Amino acid sequence: MKKSLLFIVAIFIGFTSYAQLWTGFEWWTTYNVQTLDNYQTSVNDWGIEGANAAFQSTDAQDALLSIRLESVLSSFGDTIFGYFIDGDPDLLIAGQPVSIGAVDSIVGWYKYDILPGDSSLVIAMTSLNTVPTGGGMYYVQSGTQTTWKRFAYYIGAPVSDSLLLGAATGDPLNNWNGKPGSWIQYDNIMLVGPTGTMNVLNHSFENWTPVGYEEPNGWATVNPYALGEPVMPAVKTIDSYAGNYAIALTTLLSTNGDTLWGACTNGNFGFNGAMGGEPFAGTPTGVECYYKYTPVGNDTAGIYFEFRQNGNIVGGYGTQVSSTVSTYTQFSSAVTPITPDTVLISFWSGQNVGSQLLVDNVDISFPVGIAEGLTVEKILSYPNPATDVLNIKFNIENDNNVTLRLIDAVGRELTARQLGHISAGTYKESFNTANYTSGFYFIEFTLGNEKIVKRFAVK
């Protein structure tokens, strides 16, 4: 219930979890979400997926809108809890002013459907000059309330100047995110005291602000934690090693005083670390990427590739960068013989505000069978399975005519690319697979009169 990246520090120091294989940062998607004015919500932790756990509803007790909180399953299998919060529940720091002095209770309206064995949390605590004066944590137990019902929780503050206010599905302060499907709605919340009443900020949840942010396809970044900030910690840059874009990761100071690491992973960020990812098939022989780094002070950036099999780490390869690297420099490492089933790729910029890491051209190498007389050293296709884009990287030893074709399982040509007579060297080509149905396909690589056919999958 707090916009904090402390858990990311633990992830990257511990080097755990796994991710989906991707190579570059050419394709980005813009997401648009509604943020609740005056509060942080699940959107600020999980971005577009968090928008399924905390969102505006036109089923309102007062005015036009209310807020609905719901525990939902994310795409990476974790439970996302719905919440809104103003203040810091970990440090018990209040978030909004109180003008009526003494507070007897907090009242409002709710309706809910909380599954058996589940609950929902409300936190309302007053303070004076940062010293707590009343309130506490209150729970709504399992059950169903289908019509709007008034609630009242005793605060008992003889005097106050500020309020910490929030609500959530489950009990996230005790590491319980709730059961997917449980939900609760709130509307029209106010404080009641002996001298009168006072609406809390945005008391009827009428005011929301749309925010857009970009994410590189196939990667998760910390941008959802920076929604509403003037600058994002992960952005695309035309200062690239290859192609049009690279990713620029910058450690920032948020308007709330939180340090936001510039970080990305091929998995997903959750409160338990990076998770999710795609199955990994094959026997990798090496890993590589290109990077630039501008540290602030004695800061350190990180590059890390981790392979797992059946949940166990079978190989970890990476480097820490602690000095300025002003031109793109290759990190590469040979991989000892392993047959992993998942892979994590992680990059982070460091802990000091202003430190920046640029990354591009991320590759994992595989051994390739060579047809007799075909002078090709390496052919890579990634990601595999593909989603929207299939990338093909190949290396030829001698000048020759090169053609690439994508064909389906029964041999029908889907697309072809005549590269003509090209010189010896390394090349990359990308194909749009967004309209392909799930299944297996083939890449036919023709060099002169010789061919290699490789299979790939579309998810």
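Residues numbered from 1 in each chain as written. Predicted model: local features only at pLDDT ≥ 70, side-chain atom pairs only at ≥ 80, totals over all residues. Heavy atoms only, no water.

**A short note on the overall build of the protein**
Piece 1. A tally of helices and strands in the protein yields two helices and 36 strands.
Piece 2. Per-residue burial for the protein yields a buried fraction of 55% across its 459 residues.
Piece 3. Here the analysis covers contacts within the protein between residues at least 6 apart in sequence; of these, 72% occur between residues at least 24 apart. (Helix = DSSP H or I, 4+ residues; strand = E, 2+ residues; numbered from the N terminus. Buried < 20%, exposed > 50% of the residue type's maximum accessible area, 1.4 Å probe, protein only. Contact = heavy atoms within 4.5 Å.)

**With respect to the pattern of salt bridges**
Piece 1. Within this structure, the stated rule accounts for eight salt bridges.
Piece 2. Among the ionic pairs, Lys111 bridges to Asp59, the shortest N-O distance being 2.8 Å. Within this pair, whereas Lys111 is found in strand 10 (residues 103–128), its partner Asp59 is found in the loop between strand 3 (54–57) and strand 4 (66–70), the two being separated by 52 residues in sequence.
Piece 3. Note on Lys111: relative accessible area 9%, which makes it buried.
Piece 4. In this structure, Arg405 engages Glu413 in a salt bridge whose closest nitrogen and oxygen atoms are separated by 3.0 Å.
Piece 5. Looking at Arg405, the relative accessible area reads 21%, which means it is partly exposed. (Salt bridge = Lys/Arg side-chain N within 4 Å of Asp/Glu carboxyl O.)

**Here we look at the nonpolar core**
Piece 1. One finds Phe84, Tyr186 and Leu191 to be the most contacted residues of the largest nonpolar core, which totals 33 residues.
Piece 2. Of all the secondary structure elements, the ones that give two or more residues to this core are strand 4, strand 10, strand 11 (131–157), strand 12 (162–169) and strand 13 (183–193).
Piece 3. Ranked by size, the runner-up nonpolar core spans 29 residues in total, among them Tyr291, Tyr293, Ala301 and Val359. (Core = buried A, V, L, I, M, F, W, Y, C linked by side-chain atoms within 4.5 Å.)

**Some points on the sheet that holds strand 17 (residues 234–237)**
Piece 1. Pairing in this open sheet of five strands is antiparallel, and the strands run 17-18-29-24-27 from one edge to the other. In this open sheet, the two edge strands, each paired with only one partner strand, are strand 17 and strand 27 (325–334). Here the average twist between neighbouring strands, direction ignored, is 30°.
Piece 2. Two elements, strand 17 and strand 18 (residues 246–250), share four bridges in a ladder whose sense is antiparallel. Its bridge partner lying in strand 18, Ala234 is registered against Leu249. (Pairing = 2+ DSSP bridges. Axes fitted to C-alpha atoms, helices over the stretch in contact; angles between N-to-C directions.)

**Quick word on the environment of Thr197**
Piece 1. Relative to the helices and strands, Thr197 resides in strand 14 (residues 196–199).
Piece 2. Using a relative accessible area of 52% as the deciding quantity, one classes Thr197 as exposed.
Piece 3. Residues Thr197 and Val107, spaced 90 residues apart in sequence, show a C-alpha to C-alpha distance of 9.9 Å.
Piece 4. Setting aside residues up to four positions removed in sequence, Thr197 forms contacts with Ile100, Met190, Leu191 and Val192.

**Here's the deal with unusual backbone geometry**
Piece 1. Phi at Asn129 is positive, roughly 55°, even though this residue is not glycine.
Piece 2. Secondary-structure assignment places Asn129 in the loop between strand 10 and strand 11.
Piece 3. Owing to a relative accessible area of 57%, Asn129 belongs among the exposed residues under this scheme.
Piece 4. Phi at Asn188 takes a positive value of approximately 55°, unusual for a residue other than glycine.
Piece 5. Inspection of the secondary structure puts Asn188 in strand 13.

**Notes on the packing of aromatic side chains**
Piece 1. One pass over the full model with this rule turns up 20 aromatic pairs.
Piece 2. Measuring from ring centre to ring centre gives 5.9 Å for Phe151 and Tyr186, while their planes differ by 90°; the resulting arrangement is edge-to-face. Of this pair, Phe151 sits in strand 11 while Tyr186 sits in strand 13, and the two are 35 residues apart along the sequence.
Piece 3. Note on Tyr241 and Tyr290: the rings are 3.7 Å apart at their centroids and 10° apart in plane angle, and the pair reads as stacked. Remark: Tyr290 occurs in strand 24 (residues 286–294) and Tyr241 occurs in the loop between strand 17 and strand 18; sequence separation between them is 49 residues.
Piece 4. Residue placement shows Lys236 over the ring face of Tyr245; its charged tip is 4.7 Å from the ring centre.
Piece 5. If you follow Arg417 out to its NZ or CZ, it ends over the ring of Phe431, 4.0 Å from the centre. (Phe/Tyr/Trp six-rings, centres within 6.5 Å; stacked < 30°, edge-to-face > 60°. Lys NZ or Arg CZ within 6 Å of the ring centre and 35° of its normal.)

**Observations regarding the pairing of strand 29 (residues 356–365)**
Piece 1. Most of strand 29 sits out of view: nine of its ten residues are buried.
Piece 2. Relative to strand 29, strand 24 is paired through eight bridges, and the arrangement is antiparallel. Looking at strand 29, one finds that Gly286 is bridged to Ser365.

**A short note on the confidence of the model for the protein**
Piece 1. Per-residue pLDDT for the protein has a mean of 84; in total, 87% of the residues score no lower than 70.
Piece 2. Taken together, the stretch residues 1–22 has pLDDT below 50 and engages in 105 contacts with residues farther than four places along the chain or on a different chain.
Piece 3. Taken together, the stretch residues 368–377 has pLDDT below 50 and engages in 24 contacts with residues farther than four places along the chain or on a different chain. (pLDDT = per-residue confidence, 0-100.)

**Description of the side chain of Thr41**
Piece 1. Its place among the elements puts Thr41 in strand 2 (residues 40–41).
Piece 2. Each residue touching Thr41, except ones within four places of it in the same chain, is listed here: Leu36, Ala54, Tyr83 and Phe84.

**Overview of the pairing of strand 28 (residues 342–348)**
Piece 1. Counting buried positions along strand 28 yields seven of seven residues, so the element is predominantly enclosed.
Piece 2. Residues Thr342, Leu344, Ser346 and Trp348 line one face of strand 28 and the alternating positions Val343, Ile345 and Phe347 line the opposite face, and both faces are buried.
Piece 3. Here three bridges tie strand 21 (residues 263–265) to strand 28, and the two strands are oriented antiparallel to one another. Across the sheet, residue Ala263 finds its bridge partner in strand 28, namely Trp348.

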